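For reference, the chains in residue letters:
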Amino acid sequence: MTFVFEDIDDVEMERRRSVVEPLTDAVRDLVDAVIRTEVAEGEIPDVTAAVRAVTERLRSRQSDGPYGVRYTRAGTGMPWGNPAVGVRNAVAPPMRVQAGDDGLRWADVRLGAAYEGPPGLVHGGICALLLDHLLGEAAGADGTPSFTGTISVRYLRETRLGPVHLEARTDRYDGPKKFVTGTLSDADGPSVVADAVFVIPRWARATPPQEAPQ
Ligand SMILES: CCCCCCCCCCCCCCCC(=O)SCCNC(=O)CCNC(=O)[C@H](O)C(C)(C)COP(=O)(O)OP(=O)(O)OC[C@H]1O[C@@H](n2cnc3c(N)ncnc32)[C@H](O)[C@@H]1OP(=O)(O)O
């Protein structure tokens, strides 16, 4: 596992973000359009060829593997391929994580047609993905890295597609274990709750995490 150092400051990171984010948003819009389009079937082959042409253009220069979790000179994480928050990943809604008091992490997300499970409702795996990630961010609020060891997700009732609100915080510590809880709510209130044990990996326990591991 390697974290990749990008030798840039955060101004340059924001500049790069402003270039790539509109592309990712456009692809998200494309995904939604493909799900919901009702154009004549005869138009689909032409549209398919146009999309393939764009893909070829992007593939003319690309990296060998995944984007990785990069970080700037200031230590700001750039998990831009991440499926929950990735700036370059159209699969991500995206969730924009906000920091509150006392290690609270929260986010407001709009979940549209691409996240449907039961009719008109959010797929349970999407709820679990977003909660896992947000609980991970809450676990990381103290500056130590940790991985999901165990997560339990309880679906109190269905979650309607549309705007959802998520919150998470670390409740307590026990050695390398962090006990983290969170909720996902739709317009009618909490619909999913999660609790998890995040574990600080051995390499981060042996050496205080002042620098990202290579
Ligand atoms: C530099 C810039 C960075 C930027 C950054 C940006 C992004 C910033 C946010 C990221 C947010 C990501 C949010 C998504 C989070 C994932 O998706 S993480 C990926 C999914 N999880 C994994 O792949 C984990 C895979 N498992 C493992 O790596 C290891 O099993 C673990 C979990 C690290 C534990 O292994 P270990 O360190 O060898 O554990 P070990 O020393 O045996 O046990 C330590 C303690 O933990 C307990 N424990 C061990 N395993 C477990 C378990 N699975 N469950 C519960 N307890 C356990 C043990 O019982 C023990 O407890 P005590 O005996 O002390 O009471």
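The shown structure was predicted, so the numbers you read here are calculated from the model rather than taken from an experiment.

1. Remarks on the site of the ligand
Around the ligand, the surrounding shell holds 19 residues, and the nearest of these are Gly149, Thr150, Lys177, Arg202 and Arg205. Between the ligand and threonine 148 there is a distance of 3.1 Å, counted from a nitrogen atom to a backbone nitrogen or oxygen. Arginine 205 places a side-chain nitrogen or oxygen 2.5 Å from an oxygen atom of the ligand. Considering the ligand on its own, with 1300 Å² of exposed area, one finds that the protein chains cover 54% of that surface. When contributions to the shell around the ligand are tallied by element, the ones reaching two or more residues are β2 (69-71), α3 (124-139), β6 (147-155), β9 (189-199) and α4 (202-206). Both domains that furnish three or more residues to the shell around the ligand are identified here as domain 1 (1-94) and domain 2 (96-204).

2. Observations regarding the confidence of the model for the protein
Put simply, the protein has an average pLDDT of 94, and 96% of its residues get 70 or more. Considering only residues more than four positions removed or in separate chains, one finds that residues 208-214, a stretch of pLDDT under 50, has 12 contacts. Reported for the predicted complex are a pTM of 0.93 and an ipTM of 0.94.

3. What about the domain arrangement of the protein?
Partitioning the protein into structural domains gives domain 1 (1-94) and domain 2 (96-204). Of note, the centres of domain 1 and domain 2, computed from C-alpha atoms alone, are 23 Å apart. Listed per partner, the contact involves 15 residues of domain 1 and 13 residues of domain 2. For the pair domain 1 and domain 2, the summed buried surface comes to about 1000 Å²; carbon and sulfur atoms form 68% of the total. A per-residue breakdown of the area domain 1 buries against domain 2 is headed by Met1, Pro93 and Pro94, which together make up 39% of the total. If you look at where domain 1 meets domain 2, you find 1 salt bridge. Note that arginine 96 and glutamate 21 form a salt bridge whose closest N and O atoms lie 3.0 Å from each other. Remark: the boundary between domain 1 and domain 2 carries 2 residue pairs in polar contact (both at pLDDT 80 or more). In terms of residue class, the side of domain 1 that touches domain 2 is built from 11 nonpolar, 1 polar and 3 charged.

4. Re the pattern of salt bridges
Within this structure, the stated rule accounts for 14 salt bridges. One salt bridge connects aspartate 25 with arginine 28, and the closest N-O pair in it is separated by 2.7 Å. Of this pair, aspartate 25 and arginine 28 both sit in helix α1 (residues 10-36), 3 residues apart, which is roughly one turn of the helix. We note a salt bridge from arginine 160 to aspartate 188, for which the minimum N-O separation is 2.8 Å.

5. Looking at the sheet that holds strand β7 (residues 162-174)
Through backbone hydrogen bonds, the strands of a sheet pair up, either in parallel or in antiparallel fashion. Taken in spatial order, the 6 strands line up as β4-β5-β7-β8-β9-β6 in an open sheet, and their pairing is antiparallel. Because the sheet does not close on itself, it has two edges, and the strands there are β4 (98-99) and β6. As defined by bridge partners, strand β5 (residues 105-111) adjoins β7 across 7 bridges and the pair is classed as antiparallel. Residue pairing for β7: aspartate 108 is matched across the bridge by histidine 165.

6. Points about the sheet that holds strand β1 (residues 3-5)
Here 3 strands make up an open sheet; going across it, the order is β1-β2-β3 and the pairing mixed. If you trace the sheet from one side to the other, it starts and ends with β1 and β3 (77-78), each paired once.

7. Focus on the UniProt feature "domain: Thioesterase" (unreviewed entry) in the protein
Within this numbering scheme, the UniProt entry marks residues 120-180 as carrying the feature "domain: Thioesterase" (unreviewed entry). For residues 120-180, helix accounts for 26% and strand for 43%, while the C-alpha atoms at its two ends are 29 Å apart.

8. So, the side chain of aspartate 186
Looking at the element boundaries, aspartate 186 is found in strand β8 (residues 177-186). The class for aspartate 186 is buried, based on a relative accessible area of 7%. A distance of 2.7 Å separates polar atoms of two side chains, one belonging to aspartate 186 and the other to arginine 157. With near-sequence residues (within four places) excluded, aspartate 186 lies in contact with Arg157, Glu158, Thr159, Arg160, Pro163, Val164 and Ser191.

9. Structural notes on the environment of arginine 28
The exposure class assigned to arginine 28 is buried, which follows from its relative accessible area of 14%. Each C-alpha atom of the pair arginine 28 and glycine 136 lies 24 Å from the other, and the pair is 108 residues apart in sequence. Not counting residues up to four positions away in its chain, the partners in contact with arginine 28 are Gly86, Asn89, Ala90, Ala92, Pro93 and Pro94. A polar contact of 3.1 Å, which involves the side chain of arginine 28, links it to the backbone oxygen of asparagine 89.

Conventions and cut-offs
- Residues numbered from 1 in each chain as written.
- Predicted model: local features only at pLDDT ≥ 70, side-chain atom pairs only at ≥ 80, totals over all residues.
- Heavy atoms only, no water.
- Near = heavy atom within 4 Å.
- Polar contact = N/O pair within 3.5 Å; in protein donor to acceptor, adjacent residues only side chain to side chain.
- Areas by Shrake-Rupley, 256 points an atom, 1.4 Å probe, with all protein chains shown as cover.
- Helix = DSSP H or I, 4+ residues; strand = E, 2+ residues; numbered from the N terminus.
- Domains from an automatic or database assignment.
- pLDDT = per-residue confidence, 0-100.
- Contact = heavy atoms within 4.5 Å.
- Buried area = accessible area lost by both parts, 1.4 Å probe.
- Salt bridge = Lys/Arg side-chain N within 4 Å of Asp/Glu carboxyl O.
- Nonpolar A, V, L, I, M, F, W, Y, C, P; charged D, E, K, R; others polar.
- Pairing = 2+ DSSP bridges.
- UniProt positions renumbered as here; feature names shortened; annotations may be inferred.
- Buried < 20%, exposed > 50% of the residue type's maximum accessible area, 1.4 Å probe, protein only.

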